[in-house]
Every structure is written in structure tokens, then in C-alpha cells.
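What follows is the residue order along each chain.
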Amino acid sequence: VRDETGSMLPLVAALVFVGFVIIALGVDIALLHRGYRAAAIVADTAAEAGAAMVDVAALHEGRLELAMADALTRATEVGGALAPADSDLEVEFDNERICVRVEQRHTTVALGVVGVGTVTIDVRSCAEPRTG
Amino acid sequence: VKHERGVATIEMVVIGFAIVALVMPVLVATASLAEAHGRVLTVASDGAAWFARHGTELPSSDIEIEVGYEVEAGSVRATATITVEVIPLIGTVLPVVITESVVVPISPYRSDGA
């Protein structure tokens, strides 16, 4: 009979590693999801704040348009105030709507062990003025 | 040796079960915390956006979540809190308080109710 002492050790080590990776994946996905939601709230809030800046003169003539400079300033101000320091904010607009893009680098907690150190969160939200 | 046939399989099954028994509670706890965070953040965000537009508190849609509002320098801060019970290990219950705050600037065109 061969000596089988220690033959289960590699298997146990492999199973423990797989268990650790599953937990790390679960925790990091949850944190990533939270990061996406937070970024989406920043983008939504900034876009809505920008879309609230309507051109009053045009409105008196019956046209609902964005006051472009004010909308850009307002969206940038609000987005800049709410977004985390390590994120990039981009504001685009045309006559009808304003869009805010938030890009943020999320550092993983445990997945760095398996080579996934950072994940980029990229969220874009648009808003346009409406009556009612 | 004949009578040792299958021992390794049994060992693998037992160890596999032990790993699952350790991993599953952590995953379930993580999922319930993530879900609770999502609910709280949504309630805080909706409440803050409503208050910023209308100047009144949004009627509560989730009785488990407490929401407080604070107006500060042209912005409204909505803070939502929930207590969830997570089961980090089988047989134990750990209450965790989750709080999220969302700040939204008050709309210049809001229907002023506050």
C-alpha cells in the first residue's frame, strides 16, 4: 500500500481557494453594484439640475428650451459637488436635453488577489425640460 | 486495497459540503446587505429629489425605512435608515443598521410647500 498521507491537502487547499474566490466575487459585485447606484444618482441629479435651467425668454414665446450656458454651469456645479473626488464628470447638451456622464474607478476589495484590481464604473444620464 | 475504494470520494463530498456551509452564509449576508443598501439609497434619492422639487416630504413607500430631511444652503439632504438582520453563521443573527444620505440642490422652480 502506498503512503497516502497528505494526499487530501492539495484538494482541501483548492476548495478553500475556490470558496475564497466565490466570497470575494460576491462581496466585490455587491460593492460594485453600490458604486453604480451611487454614480447613477450623481448623474441623474446633475442632469435633472441642468435640465431645470430653461430659457425663460424662449418660454415666453411658447418654446421650451434649455438655457444652455446656465444648464451647463448648473449640471457641472451639482455633479462636481456630489461626485466623489476620484471621478470624472462630463456634461454634454443640445437644445433639447442635457446628459451627464460619470466615470469612476472602483478599487476591488478582494479580487485583486486574482488579478482584478480596479473596475471602471461608467454611468450616463440624460434629462430634458418638460411641462406638466 | 479494495475496502478503501470510495473513501476519497466521501472525503471530497464532506470537505465540499463544509466549504459550501462556510461560503453560503457569507454570500447570503452579502446579498441581503447589498439589497438593503439599494433600497435605502433609492428611498433617500427619491425623497431628496421630491423634496427638492416640491418642498414637502415624499409619502413613505417602505415602512421599514425611516427617512429624515434636512435643508442646508440651497440643498436638501435626505437620510434613510434601515435595520436588517443578517445571518453571518448558521444559528446567529446580527442586526446591522444601514444609513445612506443623498444631497440634492433645491430646484429654482419648485412649488414651494416648505
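Here is a short report on the structure shown in this document. Fair warning: this is a prediction, and the values are worked out from it, not measured in the lab. (Residues numbered from 1 in each chain as written. Chains lettered and ligands numbered in written order. Predicted model: local features only at pLDDT ≥ 70, side-chain atom pairs only at ≥ 80, totals over all residues. Heavy atoms only, no water.)

With that settled, the discussion passes to the state of the cysteines. All names here are of chain A. Counted by the stated rule, this structure contains one disulfide over all chains. Between the sulfur atoms of Cys99 and its disulfide mate Cys126 the distance is 2.0 Å. Handedness here is read from the sign of the S-S torsion; for Cys99 and Cys126, about 105°, the answer is right-handed. Placement of the pair is Cys99 in strand S2 (residues 98-107) and Cys126 in strand S3 (residues 118-127), with a sequence separation of 27 residues. (Disulfide = S-S within 2.5 Å. Helix = DSSP H or I, 4+ residues; strand = E, 2+ residues; numbered from the N terminus.)

Let us now look at the interface of chain B and chain A. Each partner contributes residues to the interface: chain B has 27 residues there, and chain A has 26 residues. When chain B packs against chain A, close to 2,100 Å² is buried across both sides, 74% of that on carbon and sulfur atoms. Between chain B and chain A we count two salt bridges in total. We note a salt bridge from Arg53 of chain B to Glu48 of chain A, for which the minimum N-O separation is 2.3 Å. Here the side of chain B that touches chain A takes 17 residues from helix H1 (residues 7-54) of chain B, the largest share from any one element. Of the residues assigned to the side of chain B that touches chain A, the class counts are 17 nonpolar, six polar and four charged. (Contact = heavy atoms within 4.5 Å. Buried area = accessible area lost by both parts, 1.4 Å probe. Salt bridge = Lys/Arg side-chain N within 4 Å of Asp/Glu carboxyl O. Nonpolar A, V, L, I, M, F, W, Y, C, P; charged D, E, K, R; others polar.)

What follows concerns the sheet that holds strand S1 (residues 87-93) of chain A. Residues and elements named next belong to chain A. Read from one edge of the open sheet, three strands run S1-S2-S3, paired in antiparallel fashion. Pairing within the sheet leaves two strands with one partner each, and these edge strands are S1 and S3. Sheet twist, expressed as the mean angle between neighbouring strand axes with direction ignored, is 15°. Two elements, S2 and S3, share 10 bridges in a ladder whose sense is antiparallel. Within S3, the position partnered with Gln104 by the bridge is Ile121. Set on the sheet, helix H1 (residues 9-51) makes contact with S2 and S3; between it and S3 the angle comes to about 30°. Docked against the sheet, helix H3 (residues 68-82) engages S1 and S2, running at close to 160° with respect to S1. (Pairing = 2+ DSSP bridges. Axes fitted to C-alpha atoms, helices over the stretch in contact; angles between N-to-C directions.)

Residues and elements named next belong to chain A. Judged from the seven bridges that link them, S1 and S2 form a sheet pairing that is antiparallel. When the bridges of S2 are listed, Asp88 appears paired with Glu103. Between S1 and S2, which pair antiparallel in sequence order, lie four residues.

This part covers the packing of H1 of chain A against H1 of chain B. The N-to-C vectors of H1 of chain A and H1 of chain B enclose an angle of 5°; their axes lie 9 Å apart at closest approach. Between H1 of chain A and H1 of chain B, the angle is such that the two are roughly parallel. Per-class residue counts for the contact of H1 of chain A with H1 of chain B are 18 nonpolar, eight polar and four charged. (Parallel < 35°, antiparallel > 145°, perpendicular 65-115°, else oblique.)

The quantities given are spatial measurements derived from coordinates; they are silent on function.
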